[in-house]
Each structure stands twice: as C-alpha cells, then as structure tokens.
Amino acid sequence: MSALNPSSAALRVALLAFTALAYAPDVAVTAVAGELPAVASRQRAEKKSFTDGEIVDGFLKTAFGAEYHLAGRVDRIRKFDGPVRVYAESDRADRKAQLARVVADIGKRVQHLDIAMIDSNEAANVRVKLVRDRDLFRTLTSFYGAEKAREIRSSLDPQCLSGFRKNDNFEIEHSDVILTVDNGDFTFLDCAYEELLQSLGPINDTASVPWTMFNDNVSMGYFDVYDQYILNLLYDPRIKAGMTVTEVKAVLPTVLADVRSWVKQVNDLKD
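In this convention, every chain numbers its residues from 1, walking through the sequence in written order. Predicted model: local features are reported for residues with pLDDT of at least 70 only, side-chain atom pairs are reported and counted for 80 or more only, and whole-chain, interface and lining totals are derived from all residues. Just so you know, side-chain values use all the structure's heavy atoms and leave hydrogens and water out.

With an unreviewed UniProt entry as reference, the protein is termed DUF2927 domain-containing protein, source organism Bradyrhizobium amphicarpaeae.

Peer 1: Tell me what's going on with the overall build of the protein, and back it up with residues and numbers.
Peer 2: Strands are runs of DSSP state E lasting at least 2 residues, helices are runs of H or I lasting at least 4, and numbering of each runs from the N terminus. Looking only at helices and strands, one finds eight helices and seven strands in the protein. The rule is simple: take the accessible area with a 1.4 Å probe, protein chains only, and divide by the maximum for that residue type; under 20% is buried, over 50% is exposed, in between is partly exposed. Buried residues in the protein amount to 53% of all 271 residues. Pairs at least 24 apart in sequence give 74% of the contacts found in the protein among residues at least 6 apart. To be clear on the numbers: accessible area is Shrake-Rupley with a 1.4 Å probe, and residue cover counts the displayed protein chains and nothing else. Summed over its atoms, the accessible surface of the protein is roughly 11700 Å², and 50% of this surface lies on carbon and sulfur atoms. Contacts are assigned to residue pairs with any non-hydrogen atoms lying within 4.5 Å of each other.

Peer 1: Residue-level account of the confidence of the model for the protein, with values.
Peer 2: For the protein, per-residue confidence averages 83 on the pLDDT scale, and residues scoring 70 or more make up 78% of the total. How sure the predictor is of each residue is captured by pLDDT, a score from 0 to 100. Across residues 67-72, confidence stays below pLDDT 50; counting only partners more than four residues off in sequence or on other chains, it has 22 contacts.

Peer 1: Mind laying out the pairing of strand 5 (residues 126-131), listing which residues take part and the relevant values?
Peer 2: Along strand 5, six of the six residues are buried, which leaves the element largely enclosed by surrounding structure. The alternating pattern of strand 5 places Val-126, Val-128 and Leu-130 on one face and Arg-127, Lys-129 and Val-131 on the opposite face, and all of these are buried. Note on pairing: two strands pair once DSSP finds at least 2 bridges between them. Judged from the four bridges that link them, strand 3 (residues 84-89) and strand 5 form a sheet pairing that is parallel. Its bridge partner lying in strand 5, Val-86 is registered against Val-126. Pairing between strand 5 and strand 7 (residues 172-180): six bridges, direction parallel. Bridge pairing links Val-126 to Ser-175 in strand 7.

Peer 1: Can you explain the environment of Asn-232? Please cite residues and give values.
Peer 2: Relative to the helices and strands, Asn-232 resides in helix 7 (residues 225-234). Considering only alpha carbons, one finds Asn-232 and Val-255, 23 residues apart in sequence, at a separation of 9.2 Å. Dropping the residues within four chain positions of it, Asn-232 is found in contact with Arg-109, Val-110, Gln-111, Val-259, Trp-262 and Val-263. Here Arg-109 takes part through its backbone oxygen, which lies 2.9 Å from a polar atom of the side chain of Asn-232. Think of a polar contact as two N or O atoms within 3.5 Å of one another; within protein, one of them needs to be a possible hydrogen donor and the other a possible acceptor, and neighboring residues in sequence only count if both atoms come from side chains.

Peer 1: Hey, could you go over the packing of helix 2 (residues 52-63) against helix 8 (residues 245-267) for me, with residue numbers and the actual values?
Peer 2: Close contact between helix 2 and helix 8 brings their axes to 11 Å; oriented N to C, the two are set at 120 degrees. Looking at the two axes, helix 2 sits oblique to helix 8. You can see that helix 2 and helix 8 cross each other, and the crossing is right-handed. Here helix 2 contributes Asp-52, Ile-55, Val-56, Phe-59 and Leu-60 to the contact with helix 8, which in turn contributes Val-248, Lys-249, Leu-252, Leu-256 and Arg-260. Broken down by class, the residue content of the contact of helix 2 with helix 8 amounts to seven nonpolar, no polar and three charged. Fitted lines through C-alpha atoms serve as axes, helices being fitted only where they are in contact, and the angles separating the N-to-C directions of these axes extend from 0 to 180 degrees. Throughout, the term roughly parallel applies to angles under 35 degrees, roughly antiparallel to angles over 145, roughly perpendicular to angles from 65 to 115, and oblique to all others. Helix crossings fall into two classes, left-handed where the near helix is turned counterclockwise from the far one by less than a right angle and right-handed where it is turned clockwise. Think of it as three bins: nonpolar holds Ala, Val, Leu, Ile, Met, Phe, Trp, Tyr, Cys and Pro, charged holds Asp, Glu, Lys and Arg, and polar takes everything else, Gly as well.

Structure below.
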C-alpha cells in the first residue's frame, strides 16, 4: 500500500525528506559506525560546544517547515506520541544488523524516546525498506505513484528518503523510510541516521545550519551531538505535537537546560 494517498483522510498530511549523496565505494561491513575511517575522521573534528542560540536556531529551522511536502500545514511541531517500533524489510542481513545498531544508538541518546526494532511489519509504525540502487525508482513508484516518483527523481535524485503521515493533532502515525543497500557502508549509515531521525519529526532540511545532518551539504554517518540536541528538544514531554513556534519558544529555555544536562551526560562532554 502506498505510504502517501492524498485521497485518504488518514493520510491528508504527508511530508518527505530526501538525501542525495555522492557514490561511496563498498568497503567491508563493519560492526559499528566508528570503525569506518570516514566516520572516525568526522568524529575527531566534530564541534560539540554550542550556544543556546545556535541550538535553538537549528531546532526551529528543522522542526518546523518541510523540505518537500505534498499537502497540509507545516507550521506546527510534528512527533510521535508513544513508542516507536521499526521494521526493516530486506533480505540483506548485514544491512538489517547495521540498521538495528543505528536504532539502538538513537534510543540510547534521546532521553524521552522509546524506539526499538521489531520483527513484525503489522506492529510497526516505522517501516524501513532496504532496496538496491537500481530498484529505487521502482520502489518510489510503488509508494507514491509514477508521476510523483518522476518528479522526485528529476528534481532531487535521492539515494534515500523518508516521509510520514500525521493526524489532525500533528501526531505522527506512521513513517516510511527507503534506503539503498549497495552504495557503501558510509552512505548507508549516513542515510540511515538522517532519514530515521527525520522520520521522527525534524523533516525540514536547511542549508543555513552547518552542524546538522539535516543539511544536504553535510554528511555525518553517525548521530552527532548537535542533532542530539535537536531530537532531545523535540521529544521532551513539554514540547507537544501541534505546538506553534510561539508556544515552543515559551518553554524552550527550561527544556534546553535539561536537554543540555542529558546530552552532556550521555556523551561524557566536558564543561
């Protein structure tokens, strides 16, 4: 069944985020992202100290709006309001194992997010479809229809993408993620982190924030500190689905203080 169906009331609002990445040669599948030289070098150079203004700016720019949307309002907070269960559809056991580690890492680093992999598609509210690069357009067509798939391919040429549907309260009900499996480990991990995180709500890419993976000019391959701030702000219970920018700004100072403490703890950051 298509993830997006504008004629259905349950799917009246749908949002998509896309990542177009340069081809990366295949390397041996590794146990964790940190074992990849491309990831390790980025971690060594990572900026980990940010002002309140820098964090808030990135949060507002990614949690509101949408890089590409089909219908509905994008001026409210969108997030899951309950456990997130991820199902991977693939015959590639190695990529499924990598995806499971990505999901576990996200769960470890976002304090108020209950996220885990499951083996049942029926019980999942995030479905990840792992496909070969040559099958990507066919998969897009099956999800979104031929006309929309051609539009996506011609304008964005993505190697991975995500989208979600939400209800009238702006609570995300279901997300779909498509990842290609044969463009190398770094590309796979970079896509997996970005698209899974965007499927949780911060779906607006921005070129004006240089530290976030939600910038098409930035490739990380891991869950960086800056984006941990964004996701922890979004999933703090005081930030609720449906909030406006004004409502969010009213609670952000208190929320950010608590989020700073958590991100510092989980990453063993120094003062």
